[in-house]
Amino acid sequence: MRHLKQFVLLFAGILIVNSVNAQKAETPNQTYNLGTKINEMTLTVGGILVAATNDGLVGIDPKQSAPVFTFNNFGKLSPEETEFIPASPYIVVSQGVGSKFAGIAKTKRAVINYVNGKVIFNSETDSWNQIYTCNIVLPQNKLIISGIQKEGDKFEKMTPKVAVYDLSTQKLDFSFFLDKPGRVGIAKDFSVTGVPLLLKEILIIPTAQGLLAKSHKGDDLWQCKIKGVNWMVADETEKEIYGFETTTNGKNTRIHKIGSNGEELWKDDRKVQGNVSNFQILPEGLAVVSDRVAAEESEIAFLSASTGEDLWEKAPKTKGFVQHFYVQDDGILFGIQQGGINKISFDGKTLFKKPLKTGENIMVMAESPQGLIYITSEDANIVNLKTGDQVWDKPLKYKNSSAVASTFDSTQNRYLIAADGDIYAIDASSGNANELAKVKFDEKEVANTMEMRNGNIFLSSSQNVMTLGSDGNEIYHEYFKSPSQSGFVKVLSGVVAVASTGLAMAHAAKAGMNRTNSYGSSNDLSNYNDYGKENKRAADMFASIGDASFAMMSKRFKATAATENSQFILTKLDSGVGLVKVNKDSGKVEKEILLKDKKPEYQVDEIAGVLYYKADDKTIYAYNLQK
């Protein structure tokens, strides 16, 4: 089952410990005996645990004593056959799709709403013999299927068709054939080549014969001979549409532009090197980022929306992959994974006096009152967003650290950065930096989280928690011994670890799909340490979709996270491996659960405060960590 980057706040630093006296196992709040072997557990963004078993899938809601759903229709599913749709309550399961006989033998698809437990679509019950493509479209909340359906006369049963289902009502909106059933003549390949584009008035299907546009009733509107398009995006007016076609060798991308009437608006398509990873439609033109894997670098182009021609005489040098990309009022700001930040005006002029040199792996790029703060694995500074001048006289440099944590101390108007065991304080007004403290974590760990709590500085790693006073003096340090290395690795393999609750829209099906609407738009140079902003953004996004399941997900992200005042840590207890709940302000253990397993398999929902533990091959325990 695929481990997706979901914006559930889960074990980012992950797993911590304490040596305590021998204890007995705590009684779980819920016990789920699934009656078959459990192969894998995945915690979803909606807070439902999905277990993959030898019989299929089972969904568990810790508030209910029985599973919220059991899907055994297709039997045991391999990881490749189960897809959790990001930022949604949906699972798409497939069978036979990856087979070398997929175009001949039967293929099955089903869509499950894991929040309410309903099977929204099942190709078996809807008489689909072949499913070629299956796409969920948000925020419209639609399902678009293409394939062969066993309905109608003998010709209709052989002709590819497309069907659009409403995911809220679970009903068919409309369907249509891609070719005329029983048409006499040479057979044509009408296979769907990419993701359909659903607009307010029309649906555009990319096929091997070109683009086909239909009304929302399935009526023919127009055809365009641009073939092999993989994905599309429209401007805000939906009058101008851009199609992206990966070249035959897979190394480059062709960009096409058409009107809402099917007319080709560019004389020639525009070819860019590499695969497009970011595409944004701006009033000044089209910003395109493409990644050249072989060359290990990205290219940035700025095209005329009217002609597709380059608007910049010379593209900026990247010398690496674009890791951060933001559009601002006066130009485009970008950061390179291998190090470096630059800003280019919309007419191609360099706005920074010279490209800014930074360390590798830019972990943070964010706005601050003084300018753009950046933090890499090697250095940090604030720069003027207009000129690129450094606000601090010289960047704060430190040894290349496996993790860097930072926060802003508003009480004393200073930035705090933890790197390689050193805590630095940088005055926000003057930029003067000094070493505030040295900290030594056990097991050679370094702090990967840092936050201000009641004027004190809280630091944590996998097995350590610490609080310092505002003067840098230690208030407490608690260390929780890790399980054996083999057990630790086993646990990590069962955890979906994410760095933040932000919607990392890099997991969108294609670059740019979320750039032209408010649903999940990720072009946001967030304010530094704007706590709660991402959770609110997630809650608002879910609330914007008029569906009960999305409303439940919105409510989940509006709630106070269980980790606000506590940290959950896996540790080696006297009687075995266990999980402890540690108070961030005192460092005291408030709760401990003995798992009695040298290699425990578990998931922790740090938003709801629930531990799911695989007690044996067929049983899952759920513990309420809030009590």
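Residues numbered from 1 in each chain as written. Predicted model: local features only at pLDDT ≥ 70, side-chain atom pairs only at ≥ 80, totals over all residues. Heavy atoms only, no water.

Caption draft 1: Local environment of the overall build of the chain. Of regular secondary structure, the chain possesses 3 helices and 45 strands. Expressed as a percentage of its 627 residues, the buried residues of the chain come to 54%. Put simply, of all contacts in the chain between residues at least 6 apart along the chain, 45% involve residues at least 24 apart. For the chain, the computed accessible surface area is about 27,900 Å², with 46% contributed by carbon and sulfur atoms. (Helix = DSSP H or I, 4+ residues; strand = E, 2+ residues; numbered from the N terminus. Buried < 20%, exposed > 50% of the residue type's maximum accessible area, 1.4 Å probe, protein only. Contact = heavy atoms within 4.5 Å. Areas by Shrake-Rupley, 256 points an atom, 1.4 Å probe, with all protein chains shown as cover.)

Caption draft 2: Just the pattern of salt bridges, in detail. This structure, assessed with the given rule, holds 23 salt bridges. Taking the shortest distance from any N to any O, the salt bridge between K257 and E240 comes out at 3.2 Å. Of this pair, K257 sits in strand β20 (residues 252–259) while E240 sits in strand β19 (residues 240–246); the two residues are 17 residues apart in sequence, bridging distant segments of the chain. We classify K257 as buried; its relative accessible area is 5%. Given a relative accessible area of 28%, E240 falls into the partly exposed group. With a shortest N-O distance of 3.2 Å, E299 and R292 are connected by a salt bridge. Exposure remark for E299: the relative accessible area of 27% places this residue in the partly exposed category. For R292, a relative accessible area of 26% gives the class partly exposed. Here the salt bridges share partners, and the residues they tie into one network are E451, R453, K584 and D585. (Salt bridge = Lys/Arg side-chain N within 4 Å of Asp/Glu carboxyl O.)

Caption draft 3: Looking closely at unusual backbone geometry. The omega torsion of the bond from L138 to P139 falls at 10°, within 30 degrees of zero and hence cis. Summarising the element assignment, P139 is placed in the loop between β10 (128–137) and β11 (142–149). The residue Q170 is not glycine, and still its phi comes out positive at about 65°. For Q170, the position within the fold is in the loop between β12 (161–166) and β13 (171–177).

Caption draft 4: Looking closely at the packing of aromatic side chains. A full pass over the atoms with the stated rule returns 15 aromatic pairs. Between F302 and W312, the aromatic rings sit 5.4 Å apart at their centres with planes inclined by 15°, giving stacked as the arrangement. You can see F302 sitting in strand β24 (residues 297–303) and its partner W312 sitting in the loop between β24 and β25 (322–328), a full 10 residues away along the chain. The structure contains a cluster of three or more aromatic residues connected by ring pairs, namely W231, Y242, F244, W266 and F279. The lysine or arginine in question, K161, covers the ring of F177, its NZ or CZ lying 4.9 Å from the ring centre. (Phe/Tyr/Trp six-rings, centres within 6.5 Å; stacked < 30°, edge-to-face > 60°. Lys NZ or Arg CZ within 6 Å of the ring centre and 35° of its normal.)

Caption draft 5: Examining helix α3 (residues 548–558) more closely. The set of residues buried in α3 consists of S549, F550, M553, S554, R556 and F557. Buried residues along α3 cover an arc of 155° about the axis, so they all sit on one side. Turned more than 90 degrees away from the buried face of α3, the exposed residues are A548, K555 and K558. Between a side-chain oxygen at the N-terminus of α3 and the backbone nitrogen of S549 the separation is 2.9 Å; the capping residue is D547. (Arc of directions from axis to C-beta. Polar contact = N/O pair within 3.5 Å; in protein donor to acceptor, adjacent residues only side chain to side chain.)

Caption draft 6: Highlighting the sheet that holds strand β27 (residues 341–345). One open sheet accounts for 3 strands, arranged β25-β26-β27; its pairing is antiparallel. Where the open sheet ends on each side, the last strands, each with one partner, are β25 and β27. Each strand of the sheet is rotated relative to its neighbour by a mean of 20°, with strand direction disregarded. Relative to strand β26 (residues 331–336), β25 runs antiparallel, the two being bridged by 6 bridges. Residue pairing across strands places H324 opposite G335, the latter belonging to β26. (Pairing = 2+ DSSP bridges. Axes fitted to C-alpha atoms, helices over the stretch in contact; angles between N-to-C directions.)

Caption draft 7: Representation of the pairing of strand β21 (residues 270–273) within the structure. Here β21 shows a clear split, with R270 and V272 buried on one side and none of K271 and Q273 buried on the other. Note that β20 and β21 share 4 bridges and pair antiparallel. By the bridge assignment, I255 is partnered in β21 with R270.

Caption draft 8: Expanded view of the sheet that holds strand β28 (residues 362–368). Strand order in this open sheet of 4 strands is β28-β29-β30-β31, and the pairing throughout is antiparallel. The strands lining the two open edges of the sheet, one partner per strand, are β28 and β31 (396–397). Taken together, the 2 bridges between strand β30 (residues 379–383) and β31 define a ladder with antiparallel strand orientation. When the sheet's bridge partners are listed, A380 is paired in β31 with L396.

Caption draft 9: Just the side chain of E451, in detail. Mapped onto the fold, E451 is located in strand β36 (residues 449–453). According to the relative accessible area criterion, E451 is buried, its value standing at 19%. Engagement of the side chain of E451 in a polar contact is seen with the side chain of R453, the distance being 3.3 Å. Separated by 3.0 Å, the side chains of E451 and K584 make a polar contact.

Caption draft 10: Structural detail: the side chain of N135. If you trace the backbone, N135 turns up in strand β10. With sequence-adjacent residues up to four places away left out, N135 is seen in contact with K142, L143, I144, G194, V195 and P196.

Caption draft 11: Structural detail: the environment of T449. You can see T449 is positioned in strand β36. Of the residues examined, T449 reaches a relative accessible area of 31% and is grouped as partly exposed. Separated by 12 residues in the primary sequence, T449 and S461 place their C-alpha atoms 6.7 Å from one another.

Caption draft 12: Spatial organisation of the pairing of β27. Of all the 5 residues making up β27, 5 are buried; the element is thus mostly covered by neighbouring parts of the structure. Side-chain alternation along β27 places I341, K343 and S345 on one buried face and N342 and I344 on a second face that is also buried. One ladder, built from 5 bridges, connects β26 with β27; its direction is antiparallel. Its bridge partner lying in β27, G335 is registered against I341. The loop that links β26 with its antiparallel partner β27 comprises 4 residues; one of these, G339, has a positive phi angle of about 115°.

Caption draft 13: Up close: a positive patch on the surface. On the surface, K314, K317, K319, K354 and K357 cluster together to form a positively charged patch. Along the chain, K314 turns up in the loop between β24 and β25. Accessibility expressed as a relative area gives 62% for K314, which makes it exposed. (Patch = residues over 30% accessible without salt bridge, like charges linked within 9 Å, V, L, I, M, F, W, Y side chains within 5 Å. Lys, Arg positive; Asp, Glu negative; His and termini not counted. Charge placed at Lys NZ, Arg CZ, Asp CG, Glu CD.)

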